Each structure stands twice: as structure tokens, then as C-alpha cells.
Amino acid sequence: MWAYIKHSDGRTEEREFPAGVCIEIGDILEDGSVVIDVPYPDGIEDDIEFSDLYDD
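Residues numbered from 1 in each chain as written. Predicted model: local features only at pLDDT ≥ 70, side-chain atom pairs only at ≥ 80, totals over all residues. Heavy atoms only, no water.

Here we take up the pattern of salt bridges. Enumeration over the complete set of coordinates arrives at three salt bridges. The salt bridge involving Asp9 is made with Arg11; its shortest N-O contact spans 2.9 Å. You can call Asp9 exposed: its relative accessible area is 52%. Notably, a salt bridge pairs Arg15 with Glu13, separated by 3.5 Å at the nearest N-O pair. For Glu13, a relative accessible area of 30% corresponds to the partly exposed category. Several salt bridges share partner residues, and in doing so they unite Glu13, Arg15 and Asp31 into one network. (Salt bridge = Lys/Arg side-chain N within 4 Å of Asp/Glu carboxyl O. Buried < 20%, exposed > 50% of the residue type's maximum accessible area, 1.4 Å probe, protein only.)

A separate point is the nonpolar core. Ala3, Ile5, Phe17, Ile23, Leu29, Val35 and Val38 form the largest nonpolar core, which has seven residues in total. For Phe17, the residues in contact, after removing those within four places along its chain, are Met1, Ala3, Ile23 and Leu29. (Core = buried A, V, L, I, M, F, W, Y, C linked by side-chain atoms within 4.5 Å. Contact = heavy atoms within 4.5 Å.)

Within the element layout of this structure, Gly20 appears in the loop between β2 (12–16) and β3 (34–37). Sequence separation of Gly20 and Met1 is 19 residues, and the distance between their C-alpha atoms is 8.6 Å. (Helix = DSSP H or I, 4+ residues; strand = E, 2+ residues; numbered from the N terminus.)

Structure representation (C-alpha cells):
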């Protein structure tokens, strides 16, 4: 998983995280940097149904 992060000194960086790591925009990382963007993969399907997210 790739994410864009911003360091406390204002620098931005694209960083790769290992599989299974769950990060979201706004998360503060161990080194004090903040996640500013988590791009979606190019192969995501528009018609994917996320039925597990909602209770009926």
C-alpha cells in the first residue's frame, strides 16, 4: 500500500507500507509525519458491492 505523507518540516513523501497495514488520511505515524493521501489502486472496480459494511 502506498500513501503520501507530510513531515513536520513541511516535506511530503510517497511511502510504501507492508501488506496488511491499515492507514487512513489523518493518521499520525511513529516518526510524527501525517498521512495526507491514500491513493486507490488503478484496478479498482466501480461496480464492487460492499455489502458487509452495512447492516440490513
